Amino acid sequence: MKAIELEKAYDPKSFEDRIYNDWDSKGYFKPASDESSPVHCQCEKCQGNYTVVIPPPNVTGVLHMGHGLNNTLQDIVVRYHRMKGDNTLWVTGTDHAGIATQNVVERQLKKEGLTRNDLGREKFLERTWKVKEDHHNIIVKQQRKLGNSTDWERERFTYDEGLSKAVRDVFVTLYERGLMYKGNRLVNWCPRCGTALADDEVDHEDTAGAMYHLYYEYADGSGKIEVATTRPETFFGDTAVAVNPNDERYKSIVGKKLKLPLTGKEIPIIADDYVDMEFGTGMVKITPAHDPNDWEVGKRHNLEVINLLNPDGTLNDNVPEKYRGMTCAKARALVIEDLTEAGLFKCEEKMNHSVGKCYRCKTVVEPYLSAQWFVKMKPMADKALAAWKAGEIKFFPQKWENTYEHWLTGIRDWCVSRQIWWGHRIPAWYCECGETIVSRTDPTCCPKCGSKNITQDPDVLDTWFSSWLWPFSTLGWPEKTADLEKFYPTTALVTAYDIIFFWVARMIMAGLEFTGKVPFHDIYIHGLVRDKQGRKMSKSLGNGIDPLEIIDMYGSDALKFTLAFMCAQGQDILVDKDSFKLGSRFCNKVWNASRYLLGNLEGRNLVSVKDSDLTELDRWIYARLNFAAKTAREALESYRYNDAASAMMEFFWNEFCDWYVEATKINFKNGDDAEKDRQATVLMDILEESLRLLHPYIPFVTEEIYSKLPLADLVATRSSDNKIVTSSTYNGMLINAPYPEVSASRENAEVEARFEVLKDLIGKVRAAKVDCGIDPAIKINIAIKIEKGSAAEVATEKIEMIQLLGGVAKVDFTDVKPASSIGTVGKGFEAFVLVDENINKEQLLTRFKKAMEKEQGYARMSENKLNGNFAQHAPAELVQAERDRLAESQKKIATYESYIKELQ
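Residues numbered from 1 in each chain as written. Predicted model: local features only at pLDDT ≥ 70, side-chain atom pairs only at ≥ 80, totals over all residues. Heavy atoms only, no water.

Colleague: Would you explain the packing of aromatic side chains in this entry?
Modeller: Each aromatic ring pair is specified by the distance between its two centres and by the angle formed by the two planes. Following the criterion strictly, the structure yields 43 aromatic pairs and no others. Each ring, one from F656 and one from Y660, has its centre 6.1 Å from the other, and the planes form 20°; the classification is stacked. Of this pair, F656 and Y660 both sit in helix α19 (residues 641-670), four residues apart, which is roughly one turn of that helix. An identical accessibility class is assigned to F656 and Y660; each is buried. (Phe/Tyr/Trp six-rings, centres within 6.5 Å; stacked < 30°, edge-to-face > 60°. Helix = DSSP H or I, 4+ residues; strand = E, 2+ residues; numbered from the N terminus. Buried < 20%, exposed > 50% of the residue type's maximum accessible area, 1.4 Å probe, protein only.)

Listed below in structure tokens is the structure:
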């Protein structure tokens, strides 16, 4: 056989695009049940489906590192299940992102001195579609660069024809079921976007402000009361002052009238349990149109509701003329000035308080009285809670169940109408006779009076109203499609925790309401990608990392492996650009090890290897490969991405490359041609299965190497009688090769125990050389004392391996500690580095003393910190880290003390 040459340097740019196009063009991203799939199969094995729908990115920009993480995690489990033999489908698509996309277009128009009203609705929508297409193309390019193994022929868009039909059907169905209604309600209003927002579209931030203390006079002139507010400009909308009915101080004044300052109006004092008697004066001004709590009080007492705001956030005609048209901030300053002049302003008390801001443009959100469409959520929330309690859905990690339960238990009706143009138009028409028509098709006349003068509601639906249908609308619902029948309910949802309210819970409610089934069973909630300081990545901070830049620097596999390796359940990921060197180093290791093994096939023949032909070393590496496959499978089944990645790296880099491959050099050095052929065959077999193990995490580099393997020759060596050498007889692209199986026949506790001791012994000898400052190239002499009957007796059989891997010239076995030696202890053995003519004893003694003094200094620093204020006030994790540092220093000090004692 000729040697197989891989390029000397790992260069992902030379093959990643080519490989991705091969996968896509040959149909490998399609489920096996598709006739166009290269592995089309309808057998019983392929009837188990694994379906994932991608959280659709907004068509407002480019993908950030959070998308990189989310897409990576989905791709890993999708590739894993595809290799397991599941009928696997990953549905991709994008979200029209109503407010966000409209904001992008309006900002463009503003630069041109235009507004959307200058263009008109039709022209504005044409321009928005163009923005959508531009951003969509960028997003698709990025997803392909990431290596997403999604079925592109099934790609969907939340505003495409099919999904628009689903949205309309759901709106009408909810209306027919009495779950959709229109009413005047207090809503969250963004003056900048000019639209209502749902409760979960409001971000609450601590903001510097003030509590303003005002006086209201009794209408009969008998005195005055004190109230406090953070929004004095809204008192023009006050329609009462409330006290607690149990407050003895105020029982006698309930029903009395007050003069509303700066106006000629009078308002009553009312009694309501809402008022906290212990807070402030125990008197609260009630402004039903501009505070949600006041709104509820107003409803209970049938108070007048006076809206003070225009849609742009300025004060309207319901305030005295001098304040009209002012922003709230300007009006506030003028109101305080006028109240002071009237003797009705007491004081201003500086404070920080929570202020609601628009989740898109960060403008302060105003409570605003408006006619909007709402969905009654409680009936659907009850079903979603029942499904969770029945075990129909499962969260990974489990802690997110508490968040889910809390949100659904306290859910309020969902305001779904938005006063923008980009989005699904509300399918409601109004007739002059007062009739409202809600229809699946556009009506031509009023069904009540026959008039053709009907007008469609100008508003559109909340973006999330289409997103909550995503798991089933993407598969063809409301039509009864083959995809819907086969792939719904989907299997898993992989998403970040910041949209559990917006999306996850609503999808479960929608699935149960419209299909009678939960939309997925597994819900994996991953953390956010943050910078090294723990800050969320953002444009304003300038700390974002472009996934494409990392791919350009290190390759897609390096990005994917790094993110997955760092993705521990329940934790955010802290990265900078250098973090991705971890994945790059691993990919380089895989490439270089494979290059070495393939390059050494010159003159070799792959031969049939029976289980009985395996050496103890071979049996050990097969046992470790079996353990790695078992660990990876168990981890991926429960979405413990970092555990699988750690097991893969430990096996391939440490056990396979650093131990097994190095140890086999003995056989290639000393063995005859038959032994060399046998050893080469086992190495190829392990490499082939290792590439299948690693593929979900580093798909490009493994696919490129796999394509170079002598697969036909390797397959020809397979024996059906084997229980250990049982690797695949597959001979195609790696993406669809079978994932390594776990075999009880490969387990060998005795061999593993022997080799663990051998590795420990060699590792301790290496460490002793480092401690002694001995050049790694210098071979030392050692003596080993073995406990009879222990697994360490393996050392007597593996002297050549100890010499090769430990950098040892001579190995002696002894029953007593040799003179002038440095000892190290392991399970069942003591190993001694002989301080002979090859080592300068005095220099070594000086080295150990200096090292110990340095370590003693570190220990004193740690002890001082732990004995001071640090331990009482620092975060628990920092205190524990300091304790760990102290323990490590104390361990090193003890080692150096023993070394010094031996030499003296």
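Colleague: Is there a simple way to think about the sheet that holds strand β28 (residues 821-826) in this case?
Modeller: Where strands meet in a sheet, backbone hydrogen bonds hold them as pairs that are either parallel or antiparallel. In spatial order, the strands read β27-β26-β29-β28; together these four strands make up an open sheet with mixed pairing. The sheet is open, and its two borders are formed by β27 (808-813) and β28, each paired with just one other strand. Along the sheet, successive strands turn relative to each other by an average axial angle of 25°, direction set aside. Bridging between strand β26 (residues 780-786) and β27 involves five bridges; their strand directions are parallel. From the neighbouring strand, I780 faces β27, where its bridge partner is V808. Each of β26, β27, β28 and β29 (829-834) touches helix α23 (residues 749-771); the most contacted strand, β29, lies at about 30° to it. The strands that helix α25 (residues 799-806) touches are β26 and β27; relative to β27, the one it contacts most, it runs at about 140°. (Pairing = 2+ DSSP bridges. Axes fitted to C-alpha atoms, helices over the stretch in contact; angles between N-to-C directions. Contact = heavy atoms within 4.5 Å.)

Colleague: What am I meant to see in helix α6 (residues 161-176) here?
Modeller: Since one α-helical turn is 3.6 residues long, residues separated by three or four positions face the same way. Helix length check: α6 (16 residues) gives 23 Å between terminal C-alpha atoms against 22 Å at 1.5 Å per residue, within 8%. Residues L163, A166, V167, D169, V170, F171, V172, T173 and L174 constitute the buried set of α6. The backbone nitrogen of G162 has a side-chain oxygen 3.2 Å away, supplied by the residue at the start of α6, namely D160. (Expected span 1.5 Å × (residues − 1). Polar contact = N/O pair within 3.5 Å; in protein donor to acceptor, adjacent residues only side chain to side chain.)

Colleague: Is there a simple way to think about the nonpolar core in this case?
Modeller: Inside soluble globular proteins, nonpolar side chains tend to come together where they are buried. In this structure, F465, Y641 and F656 are the most contacted members of the largest nonpolar core, which totals 222 residues. Residue contributions to this core peak at 14 residues, all from α19. Ignoring sequence-local partners within four residues, the contact set of F465 consists of V167, V170, F171, L174, M180, V375, W414 and V416. Core analysis: the second largest hydrophobic core is formed by 40 residues, A196, Y212, L339 and Y368 among them. (Core = buried A, V, L, I, M, F, W, Y, C linked by side-chain atoms within 4.5 Å.)

Colleague: Before we go on, may I ask you to explain the state of the cysteines in this structure?
Modeller: Tallying each qualifying case throughout the model produces zero disulfides. In this structure C328 is a free cysteine whose sulfur lies 13 Å from that of C190, the closest cysteine sulfur available. Among the residues examined, C328 registers a relative accessible area of 8% and is labelled buried. The cysteine C361 is free of any disulfide, with C190 supplying the nearest cysteine sulfur at 3.4 Å. Overall, C361 belongs to the partly exposed group, its relative accessible area being 24%. (Disulfide = S-S within 2.5 Å.)

Colleague: Please clarify how the sheet that holds strand β16 (residues 414-415) should be interpreted in this entry.
Modeller: One open sheet holds the four strands; their spatial order is β6-β5-β14-β16, and the pairing between them is antiparallel. The two strands at the open ends of the sheet, each matched to only one other strand, are β6 (195-197) and β16. Two strands pair when backbone bridges link them, and strand β5 (residues 180-190) and strand β14 (residues 366-375) are joined in this way by 10 bridges, in the antiparallel orientation. Bridge assignment links G183 to a residue of β14, and that residue is Q372. Its contacts with the sheet put helix α7 (residues 292-301) on β5 and β14, and the angle it makes with β5 is roughly 140°.

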